[in-house]
Structures are given as structure tokens and as C-alpha cells.
Amino acid sequence: MKKDIAILVLYQTLVNSGSFSFDFLKKITDCSKRTCNRYLSDIRFFLKEYEKKHELIYSNKTKEYILVE
């Protein structure tokens, strides 16, 4: 999957469901762990610059990435 499409799919998933697991991330993008971490970094940068009211965090309790206000 192309990088821009993968990031948009992940962002849409966050907006619609509020969270996703790392396994979902790897499955949906079919990428390495390192590439997945880059995608997460890109999403965090976007949120910091353009969606200042939101933040992407990782919950150790649920083992998911969560979009929070």
C-alpha cells in the first residue's frame, strides 16, 4: 500500500473508531514494524500541527493507539 493511502486509512480509522492495534496497523499496511512506526510518527506530526485538540497515544492497558482530546 502506498504511504499516503496507508496514512489516510489509518487516520480515518482513528477518527471513526478512536483506536487501532499495532497488529491492525501491520495487517492493513502490510509493512515492516519500522515503516509502521514512521506512519505513526507522520500521524502524530499532523495532529500536532493541524489538529491541536487531538493527540495519538499508546495505551499499555488496551495495547492500542488511541486518539484523545
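Parameters and conventions
- Residues numbered from 1 in each chain as written.
- Predicted model: local features only at pLDDT ≥ 70, side-chain atom pairs only at ≥ 80, totals over all residues.
- Heavy atoms only, no water.
- Core = buried A, V, L, I, M, F, W, Y, C linked by side-chain atoms within 4.5 Å.
- Buried < 20%, exposed > 50% of the residue type's maximum accessible area, 1.4 Å probe, protein only.
- Helix = DSSP H or I, 4+ residues; strand = E, 2+ residues; numbered from the N terminus.
- Contact = heavy atoms within 4.5 Å.
- pLDDT = per-residue confidence, 0-100.
- Phe/Tyr/Trp six-rings, centres within 6.5 Å; stacked < 30°, edge-to-face > 60°.
- Disulfide = S-S within 2.5 Å.

## Here we look at the nonpolar core
Within the largest apolar cluster, 16 residues are counted, with the highest numbers of intra-cluster contacts made by Phe20, Leu25, Leu40, Ile43 and Leu56. Elements with a minimum of two residues in this core: α1 (3-17), α2 (22-29), α3 (33-50) and β3 (64-68). For this core, the element with the most residues is α3, which contributes five residues. If we skip the residues at most four places from it in the chain, Phe20 touches Leu10, Thr13, Leu14, Leu25, Leu40, Glu64 and Tyr65.

## Notes on the confidence of the model for the chain
Predicted confidence across the chain gives a mean pLDDT of 94, with 100% of residues reaching 70 or more. Within the chain, the lowest mean pLDDT, 93, falls on α2, and the highest, 96, falls on strand β2 (residues 55-59).

## Describing the packing of aromatic side chains
Applying the stated rule across the entire model yields six aromatic pairs. Ring centres 5.4 Å apart and planes at 80° place the aromatic pair Tyr11 and Phe46 in the edge-to-face group. Of this pair, Tyr11 sits in helix α1 while Phe46 is found in helix α3, placing the two residues 35 residues apart along the sequence. Residue Tyr11 is classed as partly exposed on the basis of its relative accessible area of 23%. With a centroid separation of 5.5 Å and 35° between ring planes, the pair formed by Phe46 and Tyr50 is classed as tilted. Taken as a pair, Phe46 and Tyr50 lie in helix α3 at a separation of four residues, close to a single helical turn. For Phe46, a relative accessible area of 33% puts it in the partly exposed group.

## Topic: the state of the cysteines
In the structure shown here, the tally under the stated rule is zero disulfides. There is no disulfide at Cys31, and the cysteine sulfur nearest it, in Cys36, is 5.5 Å away. Residue classification places Cys36 among the buried residues on the basis of a relative accessible area of 0%.

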